[in-house]
Amino acid sequence: MKPFLRQQLERFPVRLQELDFFLQQPEVAHDMERFRALSREHAEVAEVAALYARWRQREADLAHAREMLADPELAEMAREEIAGLDLELPQLEDALQKLLLPRDPDDARNAFLEIRAGTGGDESALFAGDLLRLYTRQAERQGWRVELVSESPGEVGGYKEVVLRIVGDGAYGRLRFESGGHRVQRVPATESQGRIHTSACTVAVLPEPDEAQAVQINPADLRIDTFRASGAGGQHINKTDSAVRITHLPTGIVAECQDDRSQHRNKAKALQVLAARIREKERAERSAREAATRKGLIGSGDRSDRIRTYNFPQGRVTDHRINLTLYKLPAVMEGDIDELVEALLLARKGEQLEELELGLGAPAA
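This one's a predicted model, so the numbers in the text were calculated from it and none came from an experiment.

### Some points on the sheet that holds strand S6 (residues 222–227)
Here three strands make up an open sheet; going across it, the order is S6-S7-S8 and the pairing antiparallel. Each edge of the open sheet carries a strand with a single partner, namely S6 and strand S8 (253–257). Averaged over all pairs of adjacent strands, the angle between their axes in this sheet comes to 15 degrees, without regard to strand direction.

Shown next as structure tokens:
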């Protein structure tokens, strides 16, 4: 085990004793908010401390087994034990490394996923529709629920813009690295001479804030407009001003919802999207400041970042951040992006470990 990892892990048994002491104090027991926070930390620290104790025991067992090799009568048994420990110790170390990585509390949240057509005109709008299908299929594979928040259809199909709410445990954490510029290379349906065109869409994935965060917006800072929904919805939806557009005046950020026939429910959803976009703006500004000292492989998630190319003539998809190319484009367009997602999550873990070793990441304790 690397010295920096051992140094970090040695802090957990000490912190566990501190938390045991705090949780026994009467003033903590009477402060439920503090008690819950300390209890959550206790559970996390105890998990790491227990696993580290197991790793240390296995390390001692390995040293003892190597000493046994000197005894001819015990050598065969020692070799068998050493073989097993040589397999187990790296697995325990890998598990400990993962537990040390900083956890983003937003990862477990639902997500808002926004797709916007970019360069390429009608073809870009059609590609936005393809991406909508891709993420809807991915959600089905994960057992998540998809809700349409707002849509602006393209003139020949697809979408100029579409916003989804994806409901499911870990939706944001799994989709967060989809944010950025998505480029498509193919012969458009509108192309009569068979020429390959390049078009682009932008995707933004935002964590859904909890209700406490949503109500922190000052109502005086909002302008609320109602209008008739433009999407499909039958006769009723076209006759009432049920769609809602909310503008946050200090930032100019706008969110709208036209999915529901109820103006009240549309307003509630639009407020959630607005809160998520305000939080994302703050996060992007914070990331830009951090990027002055380091730039991660995965990137900032900014929409200007070109992250992926979908090349239809060659049947390939390439993620430029990790230089991964897969020749399974039809499956990917049907939502099979698990290989891409797992590779991105693995790359992020590698970044976090490097940051931890350099002292840039805070340990969980």
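### What about the confidence of the model for the protein chain?
Per-residue confidence for the protein chain averages 85 on the pLDDT scale, and 88% of its residues sit at or above 70. Predicted confidence is poor over residues 232–238, with pLDDT under 50, and the contacts of this stretch with residues over four places away or in other chains come to 10 contacts. For the stretch residues 360–365, pLDDT sits under 50, and the model shows 14 contacts to residues farther than four places along the chain or on other chains.

### Points about the environment of Glu10
On the secondary structure map, Glu10 appears in the loop between helix H1 (3–9) and helix H2 (11–23). On the basis of relative accessibility, which here comes to 32%, the residue Glu10 falls in the partly exposed class. With 43 residues separating them in the primary sequence, Glu10 and Ala53 have C-alpha atoms 9.9 Å apart. In contact with Glu10, other than residues within four places in its own chain, are Tyr52 and Arg56.

### Details of the nonpolar core
Counting residues in each nonpolar core, the largest one holds 36 residues, and the members touching the most others are Leu113, Ile115, Leu131, Leu134, Tyr135 and Tyr310. Those elements that place two or more of their residues in this core are strand S1 (111–117), helix H6 (122–142), strand S3 (159–167), helix H7 (171–175), strand S5 (197–207), strand S11 (324–326), helix H11 (329–333) and helix H12 (338–357). Examining the composition of this core, we find that seven residues originate from one element, H6, more than from any other. Counting residues in hydrophobic clusters, the runner-up holds 24 residues, among them Leu9, Ile82, Leu89 and Leu100.

Cut-offs used in this document
- Residues numbered from 1 in each chain as written.
- Predicted model: local features only at pLDDT ≥ 70, side-chain atom pairs only at ≥ 80, totals over all residues.
- Heavy atoms only, no water.
- Pairing = 2+ DSSP bridges.
- Helix = DSSP H or I, 4+ residues; strand = E, 2+ residues; numbered from the N terminus.
- Axes fitted to C-alpha atoms, helices over the stretch in contact; angles between N-to-C directions.
- pLDDT = per-residue confidence, 0-100.
- Contact = heavy atoms within 4.5 Å.
- Buried < 20%, exposed > 50% of the residue type's maximum accessible area, 1.4 Å probe, protein only.
- Core = buried A, V, L, I, M, F, W, Y, C linked by side-chain atoms within 4.5 Å.

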